[in-house]
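Remarks on the overall topology
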2 protein chains.
Amino acid sequence: MTAANNYERVQHAGLREKIMSAEQAAEFIQNGMNVGISGFTGAGYPKAVPTALAKRMEEAHARGEEFGIGMLTGASTADECDGVLARAQGIKFRTPFQSDPTLRKQINAGATNYIDVHLSHLEQQVRYGFFGEMDVALIEVTGILPDGRLIPSLGIGTNNQWLKSAKKVIVEVNSRQNILLEGMHDIHPDIGVPPNRKPIPITAPNDRIGSPYLECDPDKIVAVVLTDLPDRNSKFADPDDNSKRIAAQIIDFFSHEVKMGRMPKNLLPLQSGVGNVANAVLAGLQDGPFENLTGYTEVLQDGMLDLILSGKMLSASATALSFSPDALDRFNANIETLRSKIILRPQEVTNHPEVSRRLGVIAMNAMIECDIYGNVNSTHIMGTNMMNGIGGSGDFARNAFLSFFVTPSVAKDGAISCIVPMVSHHDHTEHDVMVLVTEQGLADLRGKSPRQRAKLIIENCAHPDYRPMLKEYYERAEKAGGLHTPHVLNEALSWHQRFVETGDMRIK
Amino acid sequence: MTAANNYERVQHAGLREKIMSAEQAAEFIQNGMNVGISGFTGAGYPKAVPTALAKRMEEAHARGEEFGIGMLTGASTADECDGVLARAQGIKFRTPFQSDPTLRKQINAGATNYIDVHLSHLEQQVRYGFFGEMDVALIEVTGILPDGRLIPSLGIGTNNQWLKSAKKVIVEVNSRQNILLEGMHDIHPDIGVPPNRKPIPITAPNDRIGSPYLECDPDKIVAVVLTDLPDRNSKFADPDDNSKRIAAQIIDFFSHEVKMGRMPKNLLPLQSGVGNVANAVLAGLQDGPFENLTGYTEVLQDGMLDLILSGKMLSASATALSFSPDALDRFNANIETLRSKIILRPQEVTNHPEVSRRLGVIAMNAMIECDIYGNVNSTHIMGTNMMNGIGGSGDFARNAFLSFFVTPSVAKDGAISCIVPMVSHHDHTEHDVMVLVTEQGLADLRGKSPRQRAKLIIENCAHPDYRPMLKEYYERAEKAGGLHTPHVLNEALSWHQRFVETGDMRIK
């Protein structure tokens, strides 16, 4: 599609006047500004203005001038957004989530301040004024209606709030976003600030409570940029044996809970984190015994799409659709029927503790490591280096009916045990973690004291190569101090230290 | 008041027939049972049956028989409940919160399994079936109406749920509880289990959504025991200089936030944890510039009562009233006017994330220690020994408009720094902690990266004796690994280890 076709996507007369090049639009962004950018897990991020902005930054740096911005998004974007801006050394601070390799290096080199925030918290914290003023919002949309309302893209994230908070708005209209998305979104009425807030009236995953359109005063929109470019659309690896084993155990556990009368036969709304293991669990449900499933999640990926297409899942709510190229084709081919089965909402609502606790979601999230007492590290490599961020895992795990955290039991060909004496960074505490699953087995921690948990986790979840080391640590810990949560304090993080020094957690 | 007067408190004819001695009632409790007991921060716990039960346990143990129970409460009780049962070696497992010295020793000796649960989570986890069946509920009330409805005591906690969950119920009717409490409580309609839940329709701290009475099928009540005994009624220490300094800083911070337009002039609903520092903050508000305050808290103590009595606070919601003897007198003297200003609710509602997030509470909780990145330890001494439990601090901190954690900067005459390189146990992660306050100063962590936080916390909150040690650690950490969250992994917990070995965190 050419820019000429694309022009038809801008139906508001006044905004047609503001169509300009990405380079012209990027002129509205100055050094030191806070910029709210669209994008959630590689969906719906702006694809042209960031590159033009990065060029301005590099030119300024070449002249010896400072040029960096505060960058607030929904979650991760892609190389054409986080990547180009990071390579231009243009991100002074970043929140709430990223997964870009260059930016990650800068964060871990101390060059960029990264603020790792629960995804459900960011919009309200901006609204409360905790991040200062938002100077510009840069939002990708699918189209603009004659009255100026905006058809959202495959990712909503924080867009609704950024359009409200920003003093000036730049819109990228991307004709590669399917125009038939119109009607799939549900933008809730203003949640507002306390003390005058009302309940969020969602009592089922597919409840609609708002309008399918984003709204923004056309006078505030200073630039409209036409693009025609695909989302990130990363390919998924086929589920490997470990992922399949993890999935099989979770599905067995579901069957057990249904049999015990603790869950309905169609389970409860499923939340699934991103990545291959999470996708494998959903793939496993394809062949599982459960029908009439529902989803109340953050990012809807291939696995959940296929559950809907096969009829196993009735409906799902998410804030973004992040598909592989093949899944995107399946989505586009079926978009007319999917429009009544998939609802896209702002992340403040998909991740809201009020809604996820009420619905009783089953939260399934990947982790980097857990410890023998059930604390979980979702963000840091060896305690000091940021990987991506906490994302929505805390929003869901804390408020879930059941919270699962999953990982293969070892990483780096066995050099790293993902079950350790003490996690090197705590993102989810023992109070919030109910079930741990590795390819080795499952530990049901509900109603268990720390010492009872330790025995279960070591026996059921740890890799056989590390089980004796963990037992040995635990036995010595029982002689070292208090027996509520036994630890050898000066060895609790020694496995990580050993890895840093020798490249292996095992003693050679 | 004698048992004869007390008899008038039981107006239901059938239940009068079930009046019996504590010893007789205790016979309904057998070895291995799960017992749901009333009591929240020393208010509303049963005062006669636990002693009789403890005697049965001791007799059984003398005969060489096992006799222990699983004990679930609202929160802490008192010596006549947790204390006697612990001394009888009769508590096999305990949840969700305790503060009894004997029980604490048993937990830390590995003799009792303690499960430290967010207070808002316990009722629903019992309802979900995660703790197995509840055999008996043992609940203190103020009186029984002719139709069998129960007038709650000064503490509601989990009583509503325990009455529903238990197979048999024992009621203690305590005539020392003021009969004029009738009408002060608000027992919400059943919250139920997912997926069929409705919003909790509280939009202001003083909204009433239910009935003033607890309900229980009289047929399920197997025993009624008459008592006439006071609640724990611990005395408060007068605020010391440290507490006053902490309070003054919080109040200054409130003024600043109001000035910045981020909070209304009457602030937002206040939540205040238990203890002397929390009480000092409330005492400080007595002389502060804020009017028309409201409270949405867990335990209402002397400080908040006096704010209401002076007219500074319009109304407050809590699950228990835990007063000093003097404050109890003031409460009883004013109970007729206080009945419209204080609402007592089940802890599932006072601590519910849905409500505290909607109202935007200002959460103020004490801590044991925090680290230079803003992680908070609320529960463990030197990483391994349980103090009391997380209580509701996590329910409120995670969902608050503003979350404060407070502590004096040092403990044990300076031998312990309450600001450490890494906390020895994590209850509240960096993602959930906004403002730290010690008598030295305040660190506003909002929108700050870990390294920015470290500088603020060391400079503003640490005691001058420990500031150079913390700076030295931080500087070495910057050379040791990744720079997102710098740590020297094998020294991160060395301060605690040093204290365990030498009784002092300082290097001698």
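An unreviewed UniProt entry lists chain A under the name Acetyl-CoA hydrolase, from Neisseria arctica. Reading the Sequence similarities (unreviewed entry) entry of the UniProt record for chain A gives the comment "Belongs to the acetyl-CoA hydrolase/transferase family."

**Things to note about the overall build of chain A**
When its secondary structure is counted, chain A shows 19 helices and 26 strands. Whereas a compact globule of 508 residues would reach a radius of gyration of roughly 23 Å, chain A reaches 23 Å, a difference of no more than 12%. Referenced to the eigenvectors of the C-alpha coordinate spread, the extents of chain A come out at roughly 75 × 55 × 45 Å. Across chain A, the fraction of contacts at a sequence separation of at least 24, relative to all contacts at a separation of at least 6, is 74%. Looking at chain A as shown, the accessible area adds up to about 16200 Å², and 51% of this sits on carbon and sulfur atoms. Averaging the locations of the 50 positively and 60 negatively charged side chains of chain A gives two centres separated by 4 Å.

**So, the packing of aromatic side chains**
Residue and element names in this part refer to chain A. One pass over the full model with this rule turns up 18 aromatic pairs over all chains. Relative to Phe131, the ring of Phe93 lies with its centre 6.4 Å away and its plane at 25 degrees, an arrangement referred to as stacked. A residue pair is termed long-range when its members are at least 10 positions apart, and Phe93 in strand S3 (residues 91-95) and Phe131 in the loop between helix H7 (119-128) and strand S5 (136-141) qualify at 38 residues. Side by side, Phe93 and Phe131 carry an identical accessibility label, which is buried. Ring centres of Phe253 and Phe404 lie 5.7 Å apart, and the angle between their planes is 90 degrees; on these two criteria the pair is classed as edge-to-face.

**Side note on the pairing of strand S8 (residues 168-174) of chain A**
Residue and element names in this part refer to chain A. Where burial is concerned, most of S8 is hidden: six out of the seven residues are buried. Sheet topology note: the S5/S8 ladder contains six bridges and is parallel. Residue pairing across strands places Val141 opposite Val173, the latter belonging to S8. Direction of pairing for S8 relative to strand S9 (residues 221-227): parallel, over a ladder of six bridges. Looking at the pairing, Val173 lines up with Leu226 of S9.

**Remarks on the UniProt feature "domain: Acetyl-CoA hydrolase/transferase N-terminal" (unreviewed entry) in chain A**
In the numbering used here, UniProt assigns the "domain: Acetyl-CoA hydrolase/transferase N-terminal" (unreviewed entry) feature to residues 16-225 of chain A. Its end C-alpha atoms 10 Å apart, residues 16-225 of chain A is made of 26% helix and 18% strand.

**A closer look at the relation of the copies chain A and chain B**
In screw terms, the move from chain A to chain B is a rotation of 180 degrees and a rise of 0.0 Å along the axis, fitting with an RMSD of 0.0 Å. Viewed as a symmetry operation, the transformation between the two copies matches a two-fold axis. Residue Glu354 of chain A, judged by its C-alpha, is the member of chain A lying nearest the rotation axis, at 2.1 Å. Most of the interface of chain A is mirrored in chain B: 100% of its interface residues are interface residues there too.

**What to know about helix H4 (residues 49-62) of chain A**
Residue and element names in this part refer to chain A. End to end, H4 covers 20 Å across 14 residues, agreeing with the expected 20 Å (1.5 Å per residue, within 8%). Val49, Pro50, Ala52, Leu53, Ala54, Arg56, Met57 and Ala60 are the residues of H4 that are buried. For H4, the secondary structure elements touched by its buried residues are helix H3 (22-26), strand S2 (69-72), helix H5 (79-87), S5, S8 and S9. Backbone geometry just downstream of H4 places Gly64 in the positive-phi region, at approximately 80 degrees.

**What to know about the sheet that holds strand S18 (residues 376-377) of chain B**
As summarised here, the arrangement of the three strands in space is S18-S17-S24 (chain B), forming an open sheet in which the pairing is mixed. Edge positions in the open sheet fall to S18 and strand S24 (419-420) of chain B, since each of these has one partner strand only.

**So, the sheet that holds strand S9 (residues 221-227) of chain B**
Residue and element names in this part refer to chain B. Read across the open sheet, the seven strands follow the order S4-S3-S2-S1-S5-S8-S9; overall the sheet is parallel. Either end of the sheet is taken by a strand with one partner, and the two such strands are strand S4 (113-114) and S9. Where strand S1 (residues 34-37) and strand S2 (residues 69-72) come together, three bridges link them in parallel fashion. In the sheet register, Val35 faces S2, and the bridge partner there is Met71. Those strands touched by helix H4 (residues 49-62) are S2, strand S5 (136-141), strand S8 (168-174) and S9, and its axis lies near 125 degrees from that of S8.

**Some remarks on the nonpolar core**
Nonpolar side chains tend toward joint burial in soluble globular proteins. Counting residues in each nonpolar core, the largest one holds 236 residues, and the members touching the most others are Phe254 and Phe331 of chain A together with Phe254 and Phe331 of chain B. Within the second largest apolar cluster, 72 residues are counted, among which are Ile416 of chain A together with Met469, Ala492 and Phe499 of chain B.

**Topic: the interface of chain A and chain B**
Facing the 84 residues of chain A at the interface are 84 residues of chain B. In terms of surface lost to chain B, no three residues of chain A exceed Arg357, Arg398 and Leu489 of chain A, which account for 13% of the buried area on that side. Our enumeration of links across chain A and chain B arrives at 41 residue pairs in polar contact (both at pLDDT 80 or more). Residue assignment for the side of chain A that touches chain B shows that the elements contributing at least two residues are helix H6 (101-108), strand S4 (113-114), H7, helix H15 (353-359), strand S20 (385-386), helix H16 (393-399), helix H17 (450-460) and helix H19 (494-502) of chain A. A class-by-class count of the residues in the side of chain A that touches chain B yields 31 nonpolar, 35 polar and 18 charged.

**Some thoughts on the side chain of His425 of chain B**
Residue and element names in this part refer to chain B. Mapped onto the secondary structure, His425 falls in the loop between S24 and strand S25 (435-437). Judged by relative accessible area, His425 falls into the buried class, the value being 6%. Reaching out from His425, the side chain makes a polar contact with the side chain of His380 at a distance of 3.4 Å. One polar contact links His425 to Asp427, side chain to side chain, over a distance of 3.4 Å.

**Some points on the domain arrangement of chain A**
Residue and element names in this part refer to chain A. The assigned domain composition of chain A is domain 1 (3-227) and domain 2 (241-464). A buried area of about 3900 Å², summed over both sides, lies between domain 1 and domain 2, and 58% of it is on carbon and sulfur atoms. When the buried surface of domain 1 facing domain 2 is broken down by residue, Leu154, Met184 and Pro205 rank first, second and third, together holding 19% of it. If you look at where domain 1 meets domain 2, you find two salt bridges. For the salt bridge of Asp186 with Arg345, the shortest nitrogen-to-oxygen distance reads 3.2 Å. Our count for the contact surface shared by domain 1 and domain 2 stands at 31 residue pairs in polar contact (both at pLDDT 80 or more). If you list the elements that add at least two residues to the side of domain 1 that touches domain 2, you get H6 and H7. Examining the composition of the side of domain 1 that touches domain 2, we find that six residues originate from one element, H7, more than from any other. A per-class count over the side of domain 1 that touches domain 2 returns 20 nonpolar, 20 polar and eight charged.

**Some remarks on H19 of chain A**
Note: α-helices contain 3.6 residues per turn, so residues at a spacing of three or four share the same orientation. Residue and element names in this part refer to chain A. Of all the positions in H19, only Ser494, Trp495, His496, Gln497, Arg498 and Phe499 are classed as buried. Buried-residue contacts for H19 involve strand S17 (369-371), strand S23 (416-417), strand S24 (419-420) and helix H18 (467-477). Backbone geometry just downstream of H19 places Gly503 in the positive-phi region, at approximately 80 degrees.

**Focus: the pattern of salt bridges**
Taken as a whole and assessed by the stated rule, the structure comprises 58 salt bridges over all chains. Across the pair Glu140 of chain B and Lys47 of chain B runs a salt bridge whose closest N-O atoms are separated by 2.6 Å. Taken together, the positions of Glu140 of chain B in strand S5 and Lys47 of chain B in the loop between S1 and H4 put the pair 93 residues apart, joining distant regions of the chain. Like Glu140 of chain B, the residue Lys47 of chain B is buried in the burial classification. Taken together, the salt bridges that share partners define one network made up of Glu257, Arg262, Asp444 and Arg446 of chain A.

**So, the UniProt feature "binding site: CoA" (unreviewed entry) in chain A**
Residues and elements named next belong to chain A. Feature annotation in UniProt assigns "binding site: CoA" (unreviewed entry) to the following positions: Gly273, Val274, Gly275, Asn276, Val277, Ile368, Asn388, Gly392 and Lys412. Across 140 residues in sequence, these annotated residues place their C-alpha atoms as far as 26.0 Å from one another, rather than forming a single compact spot. Mapping Gly273 onto the fold places it in the loop between strand S10 (270-272) and helix H10 (276-286). Assessed through its relative accessible area of 13%, Gly273 is described here as buried.

**Structural notes on the environment of Gly74 of chain A**
Residue and element names in this part refer to chain A. The topology assignment puts Gly74 in the loop between S2 and H5. Taking the C-alpha atoms as reference points, Gly74 and Asn160, separated by 86 residues in sequence, lie 10 Å from one another. Setting aside its immediate chain neighbours within four residues, Gly74 contacts Ile37, Gly39, Phe40, Pro96, Leu119, Gly157, Thr158 and Gln347.

**Focus: unusual backbone geometry**
Negative phi values dominate among residues other than glycine, just as trans dominates among peptide bonds. The omega torsion across Thr95 of chain A and Pro96 of chain A is -5 degrees, close enough to zero to call that bond cis. By the element assignment, Pro96 of chain A lies in the loop between S3 and H6.

Definitions and cut-offs
- Residues numbered from 1 in each chain as written.
- Chains lettered and ligands numbered in written order.
- Predicted model: local features only at pLDDT ≥ 70, side-chain atom pairs only at ≥ 80, totals over all residues.
- Heavy atoms only, no water.
- UniProt positions renumbered as here; feature names shortened; annotations may be inferred.
- Helix = DSSP H or I, 4+ residues; strand = E, 2+ residues; numbered from the N terminus.
- Rg over C-alpha atoms; globule rule 2.2 N^0.38 Å.
- Contact = heavy atoms within 4.5 Å.
- Areas by Shrake-Rupley, 256 points an atom, 1.4 Å probe, with all protein chains shown as cover.
- Lys, Arg positive; Asp, Glu negative; His and termini not counted.
- Charge placed at Lys NZ, Arg CZ, Asp CG, Glu CD.
- Phe/Tyr/Trp six-rings, centres within 6.5 Å; stacked < 30°, edge-to-face > 60°.
- Buried < 20%, exposed > 50% of the residue type's maximum accessible area, 1.4 Å probe, protein only.
- Pairing = 2+ DSSP bridges.
- Least-squares fit on C-alpha atoms with pLDDT ≥ 70 in both.
- Expected span 1.5 Å × (residues − 1).
- Axes fitted to C-alpha atoms, helices over the stretch in contact; angles between N-to-C directions.
- Core = buried A, V, L, I, M, F, W, Y, C linked by side-chain atoms within 4.5 Å.
- Buried area = accessible area lost by both parts, 1.4 Å probe.
- Polar contact = N/O pair within 3.5 Å; in protein donor to acceptor, adjacent residues only side chain to side chain.
- Nonpolar A, V, L, I, M, F, W, Y, C, P; charged D, E, K, R; others polar.
- Domains from an automatic or database assignment.
- Salt bridge = Lys/Arg side-chain N within 4 Å of Asp/Glu carboxyl O.

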